Amino acid sequence: MSRVRPATVVVLALLLAAAVYFLLPVVWVLVAATKSTGDLFGTFGLWSPRPQLGQNLSRLFGTGVFGRWIVNSFLYAALGALAATLLSAAAGYAMAKYPFRGREALFNLVLAGVLVPSTVLALPTYLIFSEVGLTGTFWSVLLPGIVSPFGVYLARVHANAAVPDALLESARLDGASEYRIFATIGLKIMSPALVTIFLFQFIGIWNNYFLPLVMLSDQNLYPVTLGLALWNSQTFRDPAFFELTVTGAAVSALLLVLTMASLQRFWRAGLTAGSVKG
């Protein structure tokens, strides 16, 4: 038997510690979602002596407004991520395959946009939207989500590496227009990267809290993140909101996990794309 090297043990220990660090809050939320308010503060965090998940879920969706917040979050995240993916694909493909003056300067500007935190842009975005009367509307949260500098960067890198110039030239010689080449060849080859862009943008929009906080005043337009924060602020006057907040957080996290799992095979394909040359 070969001996296990100390370096391997250290690496495994670090990976195990990282897994516990990231998974422990998720496990706590899932367990807490099965507790009453009394058990939430009076029992061990990772154990539920009297599970009441069904009752908590019934109360959660019985509010009516939580279902609306979930639908709002799906609309903001899905529509915004889809539009951002298509826009990023077009911009990245153009910067990768069409030489034009200022291309590198434009790409450097996109890279600079990756480094700017979204919270820094929230106030300028609010001021711009207030000038055109869009604050407090569905569009005030959706429109900023369709811009993804990271998506443009990833799309350009992937298009530059995965889309052969010879294939594009062959399509042009066959009489295909540039739009048809992009739609039938570019998007298909870039699809693994586009799934990655969609996932990152979907999660970013879903978890966004500050922009809806700045833009929205109508609770019926709230995403689930802002709605749960509203409930959490009311726990001091009604402890029952603890159950609603924790159960809502668990449902929100599970929906994200299901979204990631449903697109996992496409993401895995993107990680291995280009690793084997035929």
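Here's a quick rundown of the structure. (Residues numbered from 1 in each chain as written. Predicted model: local features only at pLDDT ≥ 70, side-chain atom pairs only at ≥ 80, totals over all residues. Heavy atoms only, no water.)

### Section: the overall build of the protein chain
Within the protein chain one finds 15 helices and zero strands. Counting all 278 residues of the protein chain, 35% fall into the buried class. Of the contacts made within the protein chain by residues no fewer than 6 positions apart, 72% connect residues no fewer than 24 positions apart. Accessible area of the protein chain: about 16300 Å², with a carbon and sulfur share of 69%. Here the protein chain holds 17 positive side-chain charges and 10 negative ones, and the gap between their average locations is 11 Å. (Helix = DSSP H or I, 4+ residues; strand = E, 2+ residues; numbered from the N terminus. Buried < 20%, exposed > 50% of the residue type's maximum accessible area, 1.4 Å probe, protein only. Contact = heavy atoms within 4.5 Å. Areas by Shrake-Rupley, 256 points an atom, 1.4 Å probe, with all protein chains shown as cover. Lys, Arg positive; Asp, Glu negative; His and termini not counted. Charge placed at Lys NZ, Arg CZ, Asp CG, Glu CD.)

### Brief notes about helix 13 (residues 224-233)
Think of an α-helix as 3.6 residues a turn; residues three or four steps apart then line up on the same face. Of all ten residues in helix 13, seven are buried; the element is thus mostly enclosed. Check the buried side of helix 13 and you find it contacts helix 3 (53-62), helix 4 (65-97), helix 11 (191-207), helix 12 (210-215) and helix 14 (240-262).

### A short note on the nonpolar core
Ranked by size, the top nonpolar core spans 33 residues in total, and within it Phe66, Trp69 and Trp231 carry the most contacts. Listing elements by their share of this core, those giving two or more residues are helix 4, helix 6 (118-131), helix 7 (139-142), helix 11, helix 12, helix 13 and helix 14. Sort the elements by how many residues they give to this core and helix 4 lands first, with seven residues. Once residues within four sequence positions are removed from consideration, Trp231 is found in contact with Leu60, Thr63, Val65, Phe66, Trp69, Phe241, Leu244 and Thr245. The next biggest cluster of nonpolar side chains, apart from the first, holds 14 residues, and it includes Val163, Leu168, Phe182 and Ile197. (Core = buried A, V, L, I, M, F, W, Y, C linked by side-chain atoms within 4.5 Å.)

### Focus: a nonpolar patch on the surface
On the surface, Leu16, Val20, Leu23, Leu24, Val27, Trp28, Phe44, Leu46 and Trp47 cluster together into a nonpolar patch covering about 920 Å² of accessible area. With respect to the helices and strands, Leu23 occurs in helix 1 (residues 6-32). (Patch = residues over 30% accessible without salt bridge, like charges linked within 9 Å, V, L, I, M, F, W, Y side chains within 5 Å. Salt bridge = Lys/Arg side-chain N within 4 Å of Asp/Glu carboxyl O.)

### Points about the side chain of Ser88
Within the fold, Ser88 resides in helix 4. Look at Ser88 and you get buried, because its relative accessible area is 1%. Of the polar contacts made by the side chain of Ser88, one reaches the backbone oxygen of Ala84; its length is 2.7 Å. Sequence-distant contacts of Ser88, defined by excluding residues within four places in its chain, comprise Ser148, Gly151, Val152, Ala155 and Ile197. (Polar contact = N/O pair within 3.5 Å; in protein donor to acceptor, adjacent residues only side chain to side chain.)

### Details of helix 6
The end-to-end C-alpha separation of helix 6 is 20 Å, in line with the 20 Å expected for 14 residues at 1.5 Å each. Largest kink in helix 6: about 25°, centred on Pro124. Within the sequence span of helix 6, burial applies to Ala122, Thr125 and Phe129. On its buried face, helix 6 sits against helix 7 and helix 12. Within two residues after helix 6, Gly133 carries a phi angle of roughly 75°, on the positive side. (Expected span 1.5 Å × (residues − 1). Bend = angle between axes of the 7 residues up to and from the residue.)

### Considering the environment of Ala159
Note that Ala159 resides in helix 8 (residues 149-162). Note: C-alpha distance between Ala159 and Met190 (31 residues apart in sequence) is 6.3 Å. Once residues within four sequence positions are removed from consideration, Ala159 is found in contact with Gly92, Tyr93, Ala96, Lys97 and Met190.

### Some details on the packing of aromatic side chains
By the definition in use, this model includes 17 aromatic pairs. Aromatic pair Phe150 and Tyr153: ring centres 6.4 Å apart, planes at 40°, arrangement tilted. Residue Phe150 and its partner Tyr153 are both found in helix 8; the two are separated by three residues, about one turn of the helix. These aromatic residues form a ring-pair network of at least three members: Phe61, Phe66, Trp69, Trp231 and Phe241. Across from the ring centre of Phe107, 4.2 Å away, lies the NZ or CZ of Arg156, which sits over that ring. (Phe/Tyr/Trp six-rings, centres within 6.5 Å; stacked < 30°, edge-to-face > 60°. Lys NZ or Arg CZ within 6 Å of the ring centre and 35° of its normal.)

### Side note on the side chain of Ser148
With respect to the helices and strands, Ser148 occurs in the loop between helix 7 and helix 8. There is a polar contact of 3.0 Å between the side chain of Ser148 and the backbone nitrogen of Gly151. Setting aside its immediate chain neighbours within four residues, Ser148 contacts Ala84, Ser88 and Gln201.

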